[in-house]
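Chain by chain, the residues:
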Amino acid sequence: MFGRMTVFVYGLLCYLIFLGTLLYAIGFIDNIVVPKAMDSGPQGPLFGSLLVDAGLLALFAIQHSVMARQWFKRAWTRIIPEAVERSTYVLLASLLLLFLFWQWRPIGGSLWNVQNRAGRIALYELYALGWLTVLASTFIINHFDLFGLRQVYFYLLGRPYVPIGFRSPGLYRYVRHPLYLGWLIVFWATPVMTVAHLVFHGEAYRRYRQHIPMIIPLRISRNKGIARDEKAKSVS
């Protein structure tokens, strides 16, 4: 029982670290509240800043991609309990994001800077809507399974983990990948689009290009099979 409790506490701590990282990301991306934001701090040489920022994004993307692969999961769960595989993935992703926030280099220049008060308020509201869409999408899929809590809870109870089958509830009936739609809103809804913001957005835009048929809010019957595959990927 001690082993089960240890696994559960570990999963819970991983989730809490993720929540803290998520809250910091909300402030970091739009330069609000947090002490170290995307455009705060002294600016260094342009090439050096681009190199560091691109490297930080690449590091996060590699971890995010490699650890989601089935071959890696099979190898990884020979070392750690299968019940904490998802929690460990979430923990490492959170730590890499925190490292990115810490080491991020601001880059001067902006593509637009909205000065109108009503316009800025509207963009901040849209920014909040984007985050709400992201969060709502995770609960529609199953938030606690996606971030590892369901797995460690079942392990605590001594029950076998049963993966959640394919479903298309809520937003998924109309938008094929609302999670990515929410991220796009988050990255574009800013009153000040700096070069650093655009560089940070690059990874999200790459994923958008991969998933654009799944984002358009249309229900096209011949593409249902593609939507099913994408839902499965979102929980892998």
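This text follows the structure it describes.
Residues numbered from 1 in each chain as written. Predicted model: local features only at pLDDT ≥ 70, side-chain atom pairs only at ≥ 80, totals over all residues. Heavy atoms only, no water.

**Q** Can you explain the overall build of the protein? Please cite residues and give values.
**A** The helix and strand inventory of the protein stands at ten helices and two strands. N-terminal to C-terminal, the α/β element order of the protein is α-α-α-α-β-α-α-α-α-β-α-α. Buried positions account for 40% of the 236 residues belonging to the protein. Considering only intrachain contacts with a sequence separation of at least 6, the fraction spanning at least 24 residues in the protein is 78%. Counting only carbon and sulfur atoms, one obtains 68% of the accessible surface of the protein, whose full area is about 13000 Å². (Helix = DSSP H or I, 4+ residues; strand = E, 2+ residues; numbered from the N terminus. Buried < 20%, exposed > 50% of the residue type's maximum accessible area, 1.4 Å probe, protein only. Contact = heavy atoms within 4.5 Å. Areas by Shrake-Rupley, 256 points an atom, 1.4 Å probe, with all protein chains shown as cover.)

**Q** Give me the pattern of salt bridges: which residues, what numbers.
**A** Scanning the model with the defined rule gives one salt bridge in all. For D145, the salt bridge identified is with R150, shortest N-O distance 2.9 Å. Relative accessible area serves as the criterion here: at 7%, D145 is assigned to the buried category. Here R150 falls in the buried class, since its relative accessible area comes to 18%. (Salt bridge = Lys/Arg side-chain N within 4 Å of Asp/Glu carboxyl O.)

**Q** Any chance you could break down the environment of A93 for me, citing the residues and the numbers?
**A** Note that A93 resides in helix α4 (residues 85-103). The spacing of A93 and Q63 is 30 residues in sequence and 7.0 Å in space, taken between C-alpha atoms. For A93, the contacting residues outside a window of four places in its chain are F60 and Q63.

**Q** Give me the packing of helix α5 (residues 117-141) against helix α8 (residues 178-188): which residues, what numbers.
**A** One way to put it is that α5 packs onto α8 with a least axis distance of 8 Å and a crossing angle of 160 degrees. It follows that α5 is roughly antiparallel to α8 by the angle criterion. Where α5 crosses over α8, the two elements pack in a sense that is left-handed. The segment α5 lies against α8, with L126, Y127, G130, W131, T133, V134, S137 and T138 engaging P178, L179, G182, W183, I185 and V186. Here the contact of α5 with α8 is composed, by residue class, of nine nonpolar, five polar and no charged. (Axes fitted to C-alpha atoms, helices over the stretch in contact; angles between N-to-C directions. Parallel < 35°, antiparallel > 145°, perpendicular 65-115°, else oblique. Left-handed = near helix turned anticlockwise from the far one by under 90°. Nonpolar A, V, L, I, M, F, W, Y, C, P; charged D, E, K, R; others polar.)

**Q** Give a description of the nonpolar core that names residues and reports values.
**A** In terms of nonpolar packing, the biggest core is built from 17 residues, with F28, I29, M38, L100, W104 and F200 touching the most fellow members. Elements supplying a minimum of two residues to this core: α1 (2-30), α2 (46-66), α4, α5, α8 and α9 (195-215). For this core, the leading source of residues is α1, giving three residues. Excluding its chain neighbours within four sequence positions, the residues that come into contact with I29 are M38, Y127, W131, V186, F187, H197 and F200. With 14 residues, the next largest nonpolar core counts Y15, A83, L146 and L149 among its residues. (Core = buried A, V, L, I, M, F, W, Y, C linked by side-chain atoms within 4.5 Å.)

**Q** An account of the packing of aromatic side chains is requested, with residue identities and associated values reported.
**A** Ring pairs (aromatic) are described by centroid distance and by the angle formed between their planes. Within this structure, the stated rule accounts for 19 aromatic pairs. Plain terms: the ring middles of F8 and Y153 are 6.5 Å apart, the flat faces sit at 55 degrees to each other, and that makes the pair tilted. Residue F8 is found in helix α1, and its partner Y153 is found in helix α7 (residues 149-157); the two are separated by 145 residues along the sequence. A residue is classified by how much of its surface remains accessible, and Y153, at 40% relative accessible area, is partly exposed. (Phe/Tyr/Trp six-rings, centres within 6.5 Å; stacked < 30°, edge-to-face > 60°.)

**Q** Lay out unusual backbone geometry with the relevant residues and their values.
**A** With phi around 60 degrees, N31 is a residue other than glycine that occupies positive phi space. One can find N31 in the loop between α1 and α2.

**Q** So what's going on with α4? Residues and values would help.
**A** Helix length check: α4, at 19 residues, gives a terminal C-alpha distance of 27 Å against a target of 27 Å (1.5 Å per residue), a fit within 8%. All buried positions along α4 are accounted for by E85, R86, S87, T88, Y89, V90, L91, A93, S94, L100, F101 and Q103. (Expected span 1.5 Å × (residues − 1).)

**Q** Tell me about a nonpolar patch on the surface, and please be specific about residues and values.
**A** Together, M5, V9, L12, L13 and L16 give the surface a local cluster of nonpolar side chains, amounting to about 400 Å² of exposed area. Locating V9 in the fold gives a position in helix α1. Residue class for V9 comes out partly exposed when judged on its relative accessible area of 38%. (Patch = residues over 30% accessible without salt bridge, like charges linked within 9 Å, V, L, I, M, F, W, Y side chains within 5 Å.)

**Q** Please give an account of the packing of α2 against α4 that cites residues and values.
**A** Where α2 contacts α4, the two axes come as close as 10 Å, and the packing angle between them is 175 degrees. Taken together, the axes of α2 and α4 are roughly antiparallel relative to one another. In this structure, α2 uses V52, L56, L57, L59, F60, Q63 and H64 to contact α4, whose residues at the interface are Y89, L92, A93, L96, L97, F99, L100 and Q103. Of the residues belonging to the contact of α2 with α4, the class tally is twelve nonpolar, three polar and no charged.

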